[in-house]
Every structure is written in structure tokens, then in C-alpha cells.
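Spelled out, the chains give:
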Amino acid sequence: MAQTSVSLPEGELRVASCGMLDKLIATADGDAALLYLYVLRHGRADETAAMRALHLSRERYERAAFTLNGLITPAAPPQVDKPSDTPQYTADELRRARLDDQKFAGVCASAEGVLGRTLTEGQLRCLLTAYDHLGLSAEAIVELLAYLKGEKGTVRVSDIRREAYLWADMGVVTAQQAQQYLAHKANEKPLSEAVYKALGADPAQPAPKEQRVCRFALAHGFPPEAIELAVQRTDKQQGHKSLDYTLGILRRWDEAGIHTVSEITALEPETRTAVGQTAAQPTDSGTLAAWEQKWEESRRETRRKRLEAEASGI
């Protein structure tokens with residue numbers, strides 16, 4: 001089942017973080033940006049109501065929700081020298097929570113089974129934060145712990161914290177929501193791994209920029225073969241790996257409405273040599289040359305500004 005639930009904290013005042021807006025701009029996904037505005041206005045997105053209000057088909061809505069959920073990142077752990085609304089539970093509060101709350105006690109027992117040892121005070125604090133502060137149900141936390149165990153083998157407290165914040169940001173707080181989310185991830189995993197391999201990335205530990213390209217590819221329906229073609233074209237044109245250039249190719253193809261290798265090679269016959277299909281054919285694609293020139297100019301301008309900033313001591 002597709003994971004299309006998107007939610008934000010309640011409140012009349014909605015504030016969009018610059019970081020989130022930068023990510024939305026980078027994806028160039030208008031539907032995702034529109035859905036984000038809808039969520040900011042209403043606090044969450046009910047699938048049927050949002051589709052109707054935004055005049056989106058189910059496919060467009062699910063793509064937008066997938067892109068938006070993929071951009072949501074967990075809040076950074078609170079810094080000692082910065083104020084935070086994260087509660088600082090005392091040792092007594094941690095002890096009483098485990099003794100007095102049967103459900104939380106069950107969470108602690110599950111965590112000890114996953115970690116293979118008695119919980120430390122820091123681990124207890126992390127679990128109580130997820131349960132009491134972030135609002136994840138005991139059953140959802142158990143699902144989270146089992147998922148991390150299966151994915152990582154050895155689970156660290158930072159893994160639990162990061163995933164708990166991510167789930168809370170996405171509104172995945174009940175057992176049913178957790179099961180739906182994990183089912184979606186399981187269904188998506190083979191495809192995302194294939195995309196990472198096409199990018200030459202390690203599926204187990206992709207870099208942030210590789211994740212960005214993968215999210216765009218999945219959200220816009222590019223199969224792994226098309227990603228490989230974009231990577232090969234990047235190497236041919238640039239002489240080296242450039243994920244920015246590869247993403248630029250994918251965006252141009254998406255704007256042209258072409259996503260499969262057959263669609264791409266039909267419109268751009270000169271790319272067939274990249275996958276060894278036919279001999280090179282003369283290209284009459286002025287659009288592609290113009291795009292490449294614009295990309296090069298943008299890169300030179302960025303480099304020029306950086307050098308000027310360094311020279312001026314900024």
C-alpha cells in the first residue's frame with residue numbers, strides 16, 4: 001500500500017523552514033510543493049480531500065506525497081548550548097515511567113531484546129522521548145525497533161532517535177501506520193537499490209546527493225535503466241561522475257515527458273550508443289545542446305562567485 005499520509009504539528013501559525021523550501025525547489029516538483037502548502041494550511045493531508053482540493057489524480061497525489069515524505073528529515077538531536085523543547089527526563093522520571101506505565105515497560109523489554117543488554121539511562125531517555133514527547137504508540141515503537149534490527153543488525157541509540165523523529169514528522173505514530181509505512185518501504189526497496197546501483201552508489205549507505213537523485217527518479221517514474229543511461233551520458237559529456245549533471249538530465253527528460261529508455265532514445269537517437277543499441281546517429285537536438293550550455297554557464301558562474309567570496313574573505 002502506498003504511504004500517502006503527510007502531517008505537521010497542529011497550530012494556527014504555520015512556518016515553513018528554509019531548509020525544507022530549498023529541498024522542494026531542488027526537486028522541481030510542483031505537485032509536491034502544492035501539497036506542502038496544503039499541509040501547512042490544514043496541518044495534515046487527508047488523501048481524498050487533498051486530491052479533490054488540489055485537483056490531483058491519485059497517481060499524481062501519491063507521487064507528490066512520496067516526494068514530500070522523502071524530503072522530511074528527522075530533527076537534529078538537541079545541542080547542549082541551544083534551547084530545546086525536548087524534555088530532559090530525570091533518572092527518577094525514567095524509573096517511574098518504566099514501573100508505572102505497562103505499555104512503556106513493554107517497549108523497554110522489546111528494546112532490551114533488540115539491543116541485547118539492559119537499557120542505559122540514555123537509551124531509556126531516547127525511548128521515553130519517542131513515546132511521551134513525540135507521541136509514538138508503544139506498538140509503533142516496537143515496530144520501529146524490529147525494523148531497525150532487521151535493517152542494521154546492531155542498533156544504536158542514534159538510530160532509534162533519528163528514526164523516531166522521522167516517523168513523528170511523517171505522522172507515523174500508530175501500529176497500523178507503522179505497518180503501512182514499512183510495507184511501502186519493503187515494496188520500494190528493490191527498486192531504490194537498483195537505482196542506487198545504476199548511480200554507482202552503495203545501496204546500504206548512499207550519500208545525501210545520491211539519495212536526492214534517487215528520490216527524484218522514483219517520484220517521477222524513471223526505471224533503473226534510464227538512470228544508467230543518464231549516468232553514461234554524464235560520463236560521456238563530462239568525463240567524470242557528476243550527480244548534479246545527471247539530475248539535470250533527468251529533469252530535462254521529465255519535462256519532455258520521457259522516462260523509459262525506449263522513449264528517450266526515440267527522442268534522442270544519439271544516446272543509443274550509450275547502451276550499445278546502434279551506431280551513433282547525427283543529432284539535430286538543439287534543445288539538448290542549449291541545456292548543456294546553460295548548465296555549464298551556471299557551473300562557471302557558481303565557481304566565479306565562490307572564488308570572489310574567498311578572495312574578499314567572506
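As shown above, the structure is provided for reference.
Residues numbered from 1 in each chain as written. Predicted model: local features only at pLDDT ≥ 70, side-chain atom pairs only at ≥ 80, totals over all residues. Heavy atoms only, no water.

It is worth spelling out the overall build of the protein at this point. Within the protein, the regular secondary structure consists of 15 helices and 2 strands. Long-range pairs, those at least 24 residues apart, make up 64% of the contacts in the protein with a sequence separation of at least 6. Summed over its atoms, the accessible surface of the protein is roughly 17,200 Å², and 53% of this surface lies on carbon and sulfur atoms. (Helix = DSSP H or I, 4+ residues; strand = E, 2+ residues; numbered from the N terminus. Contact = heavy atoms within 4.5 Å. Areas by Shrake-Rupley, 256 points an atom, 1.4 Å probe, with all protein chains shown as cover.)

A few words on the layout of surface pockets. Considered as a void within the structure, the largest pocket measures approximately 1,500 Å³ in volume. Around the largest pocket, the lining comprises 40 residues; the ones closest to its centre are Tyr-147, Lys-185, Tyr-196, Pro-206 and Gln-211. Elements supplying a minimum of two residues to the lining of the largest pocket: helix 1 (18-27), helix 4 (58-71), helix 8 (138-152), helix 9 (157-170), helix 10 (175-198) and helix 11 (208-219). The element that contributes the greatest number of residues to the lining of the largest pocket is helix 10, accounting for 10 residues. Residues of the lining of the largest pocket, tallied by class, amount to 19 nonpolar, 9 polar and 12 charged. (1 Å grid on protein atoms, 1.4 Å probe; cavity = no way out; pocket = protein on both sides within 12 Å on 5 of 7 lines; lining within 4 Å. Points joined across faces, edges and corners; volume = space filled by probe spheres on them. Nonpolar A, V, L, I, M, F, W, Y, C, P; charged D, E, K, R; others polar.)

What follows covers the pattern of salt bridges. Summed over the entire model, instances satisfying the criterion amount to 10 salt bridges. Between Asp-31 and Arg-60 there is a salt bridge, and its shortest N-O distance comes to 2.8 Å. Separated by 29 residues along the polypeptide, Asp-31 in helix 2 (residues 30-42) and Arg-60 in helix 4 bring together distant segments of the chain. Given a relative accessible area of 40%, Arg-60 falls into the partly exposed group. The closest approach of N and O atoms between Asp-159 and Arg-162, which form a salt bridge, is 3.4 Å. On the criterion of helical spacing, the pair formed by Asp-159 and Arg-162 is a turn pair, its members being 3 residues apart in helix 9. Overlapping salt bridges, with partners in common, bring together Arg-156, Asp-159 and Arg-162 in one network. (Salt bridge = Lys/Arg side-chain N within 4 Å of Asp/Glu carboxyl O. Buried < 20%, exposed > 50% of the residue type's maximum accessible area, 1.4 Å probe, protein only.)

The end-to-end C-alpha distance of helix 8 is 21 Å, a good match for the 21 Å that 15 residues give at a rise of 1.5 Å each. Residues of helix 8 that are buried: Ala-138, Ala-140, Ile-141, Leu-144, Leu-145, Tyr-147 and Leu-148. Where helix 8 is buried, its residues contact helix 6 (102-115), helix 7 (121-133), helix 9 and helix 10. The first or second residue beyond helix 8 is Gly-153, which carries a positive phi of 80°. (Expected span 1.5 Å × (residues − 1).)

With that settled, consider the side chain of Thr-265. With respect to the helices and strands, the residue Thr-265 is situated in helix 14 (residues 261-267). Overall, the relative accessible area of 4% leaves Thr-265 in the buried class. Within the structure, the side chain of Thr-265 is placed 2.8 Å from the backbone oxygen of Val-261, a separation counted as a polar contact. Looking at Thr-265, its side chain comes within polar contact range of the main-chain oxygen of Ser-262, at 3.3 Å. (Polar contact = N/O pair within 3.5 Å; in protein donor to acceptor, adjacent residues only side chain to side chain.)

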